[in-house]
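Residues per chain are reported as follows:
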Amino acid sequence: MSAERVQMGLRELAYKLYERRLEASLSPHSIPRHVGVILDGNRRWARMAGLSDVSHGHQKGADHIFELLGWCRQAGVEVVTLWLLSTDNLSRSGDEVEALLRIIESTVRELVVQGWNVKAVGALDLLPVDTAQVLKDAAEATAGNPGLMVNVAVGYGGRREIADAVRSLLHDPDLVIRTSGEQRLGGFLLWQSVHSEFYFCDAYWPAFRRVDFLRALRSYAARHRRFGA
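Scope of this entry: the structure provided in the associated data block. This one's a predicted model, so the numbers in the text were calculated from it and none came from an experiment. (Residues numbered from 1 in each chain as written. Predicted model: local features only at pLDDT ≥ 70, side-chain atom pairs only at ≥ 80, totals over all residues. Heavy atoms only, no water.)

1. As for a nonpolar patch on the surface
Turning to step 1, where the next piece is worked out: Residues Leu-10, Leu-13 and Leu-17 make up a contiguous nonpolar surface patch of about 300 Å² in total accessible area.
Turning to step 2, where the next piece is worked out: Mapped onto the elements, Leu-10 comes out in helix 1 (residues 3-25).
Turning to step 3, where the next piece is worked out: Taking the relative accessible area as the measure of exposure, Leu-10 reaches 54% and is therefore exposed. (Patch = residues over 30% accessible without salt bridge, like charges linked within 9 Å, V, L, I, M, F, W, Y side chains within 5 Å. Areas by Shrake-Rupley, 256 points an atom, 1.4 Å probe, with all protein chains shown as cover. Salt bridge = Lys/Arg side-chain N within 4 Å of Asp/Glu carboxyl O. Helix = DSSP H or I, 4+ residues; strand = E, 2+ residues; numbered from the N terminus. Buried < 20%, exposed > 50% of the residue type's maximum accessible area, 1.4 Å probe, protein only.)

2. Notes on the pairing of strand 3 (residues 117-121)
Turning to step 1, where the next piece is worked out: Across five bridges, strand 3 lies against strand 4 (residues 149-156) in parallel orientation. Within the sheet, the bridge partner assigned to Val-118 lies in strand 4 and is Val-150.
Turning to step 2, where the next piece is worked out: Remark: the strand 3/helix 5 (residues 129-142)/strand 4 crossover connection has left-handed handedness. (Pairing = 2+ DSSP bridges. Right-handed = clockwise from strand over helix to strand, strands pointing away.)

3. Comments concerning the pattern of salt bridges
Turning to step 1, where the next piece is worked out: Taken as a whole, this structure holds twelve salt bridges when the rule is applied.
Turning to step 2, where the next piece is worked out: Where Arg-102 meets Glu-98, a salt bridge forms, and the shortest distance between an N and an O atom there is 2.1 Å. Here Arg-102 pairs with Glu-98, and both are found in helix 4 (residues 94-113), just four residues apart, close to one helical turn.
Turning to step 3, where the next piece is worked out: Arg-102 sits in the partly exposed class, given a relative accessible area of 32%.
Turning to step 4, where the next piece is worked out: Asp-212 is paired through a salt bridge with Arg-215; the nearest N and O atoms lie 3.5 Å apart. Here Arg-215 and Asp-212 lie together in helix 7 (residues 210-221), a separation of three residues that amounts to about one turn.

4. A word on the sheet that holds strand 3
Turning to step 1, where the next piece is worked out: Spatially, six strands are ordered 3-4-2-1-5-6 in an open sheet, and the strand pairing comes out parallel. Unpaired on one side and paired on the other, strand 3 and strand 6 (197-200) mark the two borders of the sheet. Strand-to-strand twist in this sheet, taken as the mean axis angle between neighbours without regard to direction, amounts to 20°.
Turning to step 2, where the next piece is worked out: Bridging between strand 1 (residues 34-38) and strand 2 (residues 79-86) involves five bridges; their strand directions are parallel. Looking across to strand 2, one finds that Ile-38 is bridged to Trp-83. (Axes fitted to C-alpha atoms, helices over the stretch in contact; angles between N-to-C directions.)

5. Observations concerning the pairing of strand 5 (residues 175-178)
Walk down a regular strand and you will see the side chains alternate between the two sheet faces.
Turning to step 1, where the next piece is worked out: Along strand 5, one buried face is formed by Leu-175 and Ile-177 and the opposite face, lined by Val-176 and Arg-178, is buried too.
Turning to step 2, where the next piece is worked out: Examined bridge by bridge, strand 1 and strand 5 share four bridges and lie parallel to one another. Each bridged residue has a counterpart across the sheet, and for Gly-36 the counterpart in strand 5 is Val-176.
Turning to step 3, where the next piece is worked out: Bridge analysis of strand 5 against strand 6 gives four bridges, and the strand direction is parallel. Note on strand 6: the bridge partner recorded for Leu-175 is Glu-197.

6. Details of unusual backbone geometry
Negative phi characterises most residues that are not glycine, and trans characterises most peptide bonds.
Turning to step 1, where the next piece is worked out: Even without being a glycine, Ser-180 presents a positive backbone phi close to 85°.
Turning to step 2, where the next piece is worked out: Overall, Ser-180 belongs to the buried group, its relative accessible area being 8%.

7. Structural notes on helix 3 (residues 55-75)
Turning to step 1, where the next piece is worked out: Taking 1.5 Å per residue, 21 residues should reach 30 Å; helix 3 reaches 30 Å between its end C-alpha atoms and fits that length.
Turning to step 2, where the next piece is worked out: Considered for burial, the residues of helix 3 that qualify are Ser-55, Gly-57, His-58, Gly-61, Ala-62, His-64, Ile-65, Phe-66, Leu-68, Leu-69, Trp-71 and Cys-72.
Turning to step 3, where the next piece is worked out: Residues of helix 3 that are buried in the fold lie against strand 1, helix 2 (42-48), strand 2, helix 4, strand 4 and helix 7.
Turning to step 4, where the next piece is worked out: The positive-phi residue at the C-terminal boundary of helix 3 is Gly-76, with phi of around 100°. (Expected span 1.5 Å × (residues − 1). Contact = heavy atoms within 4.5 Å.)

8. Some points on the environment of Phe-198
Turning to step 1, where the next piece is worked out: As for its position among the elements, Phe-198 is in strand 6.
Turning to step 2, where the next piece is worked out: Taking C-alpha positions, Phe-198 is 9.2 Å from Ser-219, a pair spaced 21 residues apart along the chain.

Okay, here's the thing in structure tokens:
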């Protein structure tokens, strides 16, 4: 075994031990009920990995969603809102948007297969008919499913949300996580996040690890929530 592989194995072991320590430090009473996640950095991750087609980054990010949901369920989170596509994203190149929509459709279908309680949030009228129908079908097929609720925000933007009053479909998030190092909301849950706690992580979304998620929960648990008081 090469020295490099030994070093990688030791690094993985260290992360596992650290992960367990983080998990053990969390009280069940300090877990956020609702977590919103801005899944940012897919394209930058793809470019950093030397991939010329950024759709590979979007697919990697989509696959990673199911890991996140497993972490949330294990931690005791009840609601997760995932921002998959903003209204601004629809103005990207036609090929990229087309590929991204197909990935979103596939991801939503898999959410249904796995039995998550899926809710569609966003301006579905701005989406292609096929994509909008996949989202509607998913919500109908999983309505009443027990366990974690997954709000899928597609064609979503804060300004449009207020205009359309779709905020009634969402609960106020206790914690909002944004990956990729960007420290802004970008129009995500503007109305509902007025009293939310925020956690910004430098990792691009496809590289977001369980240890990063546990750090976000630890940061949330350490804060004294004043709710504007």
